[in-house]
Structure formats: structure tokens, C-alpha cells
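# Survey of secondary and tertiary structure
Here is what each chain is made of, one letter per residue.
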Amino acid sequence: MNSLGFARHGDKENSPFFEEYLVRLLEERDRVGLTDMIHEIDALMITVDPGHSIQYIAELALMTPYHYLVTLESESHWTHILRIDLESPDILVREVKDPNLRGIFRALNEVYPVGARKPNSRYMGEVLRVSNLHEVSRLQQAREFRFFSQDEVRKLELPGNLAVSKPSPYTHNIIAYLEREPQELRVYALGVSRIDNEVQAVYEQAKNTQAKLGVDQLLLPLDHLATRVYSQNRELAILEYLSWSSYYFWGAYNIHDQNSSTNVTKSVHGIPESKSPAKVFTANNTPYFVNHLEKLPSPTETFVRNYGPRLHHMAIAVRDGETQGLENIDYVVNSIAEQGKGFLLDVIGSKSEGLKQIFSNASEHSSLIIEYVQRFGSFDGFFTKDNVAVLTEAAGREEGVQAVV
């Protein structure tokens, strides 16, 4: 395995520190066998405030290809498992039962003015499949990465068969490892398993609506996950994630119009994004405290200052082609909008540019945005610079309004 044998894309210049440690960290990761033992993203973990999980599942069932599978009930949480199939990551929607429950993940929200409004609403992180949990954990601990103890995992009511990292100082996300062979089912050792009748009812209603609209066959699995971090933490967040995972640095583009950069990492194992989504990191080029001097846009830094470093959006791929005379992404967006779901802007991009994209409004349940992206023909990139600038600016307008405290 050679994690450095991939072509670099983009025009963003990185520091000598980044370029040196990118090589050293990935060479070491390959040498000790971590790259071979760490595989795809098996699941995403999201927590919502009390009373929000059922409607969030209804929202995801309408806007994405995900299906409700089962609910795991523990003492202080319900954890609802959503699945497309075993070739795509699950989503674990975790609801806190008691609004007064306090803990480390709530604390990560409460120091930020907008994040504090929904103290339990946050993206937690990813579960990565590994082939040898004991050895991967041992090697990572030898590299000074820290995990919750099994007793702490139990008290946090996370699945007991996971090795769970402490939250990142750069993204505030956790990484968990699950030992599983490719042909084995995903099992999460947590609580009592049951089908929740209320969840099942809203799920079935959403899927019936999705089928009636004709979008169920147009929505494909996750394409990428986009995290926003402080400007000074861009390179550190990327290097840290590459150290936890088996991803490589695909490249970075400078988005001058929005004073930011978009940085992409992908799996070295040659598997499609539908099985292991790309991880994108966005950061301002300059920190907030020079804005009054430079008079530059600062939507990304503003987001992080208001919500905290966290996942900003999940991108869902749309099947290439047309439906009823419209490109599929336009048909999907029109259909979803008719159900009362809002979008931050019109669909941008074109067939001649290679792709079209759009952001939804942020979910009132998770604060996450859904992006739809349709690629045309053989286009294999994640964006065009013009598209990213427009999307970033549109998201910044909404986040600026929400930031008024």
C-alpha cells in the first residue's frame, strides 16, 4: 500500500510543515500496517435534542435513500439505525431522553452562541471498519492517540463493540473503530433492540411520498461529508484525520471570492464514495480577528465561531440523467421543495461544467445541511471553484442570520 502514490489536485498552497508531515505520517501509517487494517466508513453518528429524532428520521427518509432499520434503547438514549445497504454507511441517529442530561458532547456545543441553542444537536463522527481492532487500537495508542476507556464508552451509552476516540481538538468529532469482515453484518452492541412503531409510521409515510414523487430511484448514497474548522486548524485537522483513517490527501482549492479553501481526502482502497464518502475540510484563509482590517468575506470562520467546528453538510449523489424533461437534480429539488423543504439557493452549475449542486436549508433537528450533487458523464471531481464560491456565500447568508443572538 502506497498512500502517497496519488495525483494531487488543486491550487491551494500548504505550509512546509504540512507537506513534511503528510509524507512522514502516511509513510509510517503504511509501514506499520494501519492503512491495510483500516477500511471504509461503516456509519455516521448524529445526536439530536429530546423530541427531535422521529421528525429527523422522517426528513432523512424523504430527502435521502436511507431506510429505518431498528431502534436500540439504552438507559438515557434512543439510537435509531438507518441503512441503505451493506455497501453504504449506516446513520446512527441518537436522541437524548432527558433535556437536562449533561456530558462531554453537550459541552462541545455550549460554548458557541448558536450551538448552545440546541445543546445536544451535533454530528459526532464516523465509525470505521477495521480488520483487527486490538492491533489498530494498540498502534494508535502508541502514536499517542487517545480513546475512551470501555467503562467510559458504557457510561456514554455508545456501542460496546466500538473503540471510540476522544473528541478531536480541531473538529470536535470522534472516530470509532468496529471490527468486521466485509461479508459480516454490522451489529452495534447497545441496549435493547426493537422496532419503534412511531418511527416506523413516519418512515413509511416519507417513503410513500418519496415513491409517489418519483425521486426514490434518483437518489444515490452519500458522496462526501464536509467539515468546517478554524483557519489555523485546517492543516492539522486534515493530518489528524489521515492519521486516524486510511484516507489520502486528494487536494485543495483556494476559493478567493469567499476567503476560504476546500480540501478533499479520499480512501486509498479504491472504493467508490458511495461506500466510503470523501471527507472534505473547509476553512477560512484568514482568522476572524483580521476581518476588520482586511474587509474580506468570512462565512466559514463565522460558521465555526457560531456553531463550533463541526460537520456542515452531507452530500447525496443524484443519478445522472433526466426525468420529465428536467435534469434529475432539478426534478429532485422541485419535488422535495413541494413538500415544504427549503433550499438556500437555486441549483447551480451545468452539464457543460460537469456537475450541478445545491444546498438545502439547515435541518432544525440536526443543524446539518443536505447537499445534492449530480455529475454528468465522466466528471469525477467534487466541485467547480465557481460552484463552491456560490454555495459558501449562500450558506454564509443563512448562518449570519441565525447567528444573531
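Please read these numbers as outputs of a predicted model, since none were measured by experiment. (Residues numbered from 1 in each chain as written. Predicted model: local features only at pLDDT ≥ 70, side-chain atom pairs only at ≥ 80, totals over all residues. Heavy atoms only, no water.)

### Quick word on the domain arrangement of the chain
Here is the rule: Here the limits of each domain have been adopted from an automatic or database domain assignment. Throughout, a contact is declared for two residues whenever any of their heavy atoms are within 4.5 Å. Buried area: the sum, over both parts, of the accessible surface (1.4 Å probe) that disappears when the two are put together. Salt bridge, as used here: a side-chain nitrogen of Lys or Arg that lies within 4 Å of a carboxyl oxygen of Asp or Glu. What qualifies as a polar contact is a pair of N or O atoms within 3.5 Å, subject to a donor-acceptor requirement within protein and to the restriction that residues adjacent in sequence count only when both atoms come from side chains. Every helix listed is a DSSP run of H or I at least four residues long, and every strand listed is a run of E at least two residues long, numbered separately from the N terminus.
Split by domain assignment, the chain resolves into domain 1 (36-210) and domain 2 (212-399). One C-alpha centre belongs to domain 1, the other to domain 2, and the line joining them spans 21 Å. Listed per partner, the contact involves 50 residues of domain 1 and 53 residues of domain 2. In total, domain 1 and domain 2 occlude about 4500 Å² of area from one another, counting both sides; carbon and sulfur atoms represent 62% of this. Interface area lost by domain 1 to domain 2 is led by M63, Y170 and Q210, which between them contribute 17%. Summed over the shared surface of domain 1 and domain 2, the result is 3 salt bridges. In this structure, E59 and K341 form a salt bridge, with 3.6 Å as the shortest nitrogen-oxygen distance. Between the two partners, domain 1 and domain 2, sit 28 residue pairs in polar contact (both at pLDDT 80 or more). Counting residues per element, the ones that place at least two in the side of domain 1 that touches domain 2 are β2 (38-48), α3 (53-63), β6 (122-130), β8 (174-179) and α7 (197-213). Here the element with the most residues in the side of domain 1 that touches domain 2 is β2; it accounts for 7 residues.

### Thoughts on the sheet that holds strand β5 (residues 90-96)
Spelled out, the test is: The pairing criterion is simple: DSSP has to find at least two bridges between the two strands. Axis geometry follows a simple rule: fit a line to the C-alpha atoms, using only the stretch in contact for helices, then measure angles between N-to-C directions, giving values from 0 to 180 degrees.
Spatially, β7-β8-β6-β2-β5-β4-β3-β9 is the arrangement adopted by the 8 strands of the open sheet, whose pairing is mixed. The open sheet is flanked by β7 (162-164) and β9 (192-194), the only strands paired with a single partner. Across this sheet, the average inter-strand angle for adjacent strands is 25°, counted without regard to direction. Strand direction decides the pairing type here: β2 and β5, joined by 6 bridges, are parallel. The partner of M45 across the bridge, within β5, is L92.

### Focus on the packing of aromatic side chains
Note the cut-off: Each pair of aromatic rings taken from Phe, Tyr and Trp, with Trp reduced to its six-membered ring, is defined by centres within 6.5 Å and is described as stacked if the planes are under 30 degrees apart, edge-to-face if over 60, and tilted in the remaining cases. Burial classification: accessible surface area is computed with a 1.4 Å probe over protein chains only, and a residue below 20% of its type maximum counts as buried, one above 50% as exposed, and the rest as partly exposed.
Evaluation of the coordinates by the stated rule reveals 15 aromatic pairs. Measuring from centroid to centroid gives 4.7 Å for F17 and Y21, while their planes differ by 40°, and the two rings are tilted. On the criterion of helical spacing, the pair formed by F17 and Y21 is a turn pair, its members being 4 residues apart in helix α1 (residues 16-32). On the basis of relative accessibility, which here comes to 41%, the residue F17 falls in the partly exposed class.

### Comments concerning the pattern of salt bridges
Pairing between side chains of opposite charge can happen when the charged atoms of each approach one another. Going through the model one piece at a time under the given rule, you end up with 25 salt bridges. Across the pair E28 and R143 runs a salt bridge, and its minimum N-O distance is 3.0 Å. On the criterion of sequence distance, the pair formed by E28 in helix α1 and R143 in the loop between α5 (133-142) and α6 (150-156) is long-range, its members being 115 residues apart. Its relative accessible area of 16% is what places R143 among the buried residues. Notably, a salt bridge pairs D196 with R194, separated by 3.4 Å at the nearest N-O pair. Given the relative accessible area of 13%, D196 is considered buried.

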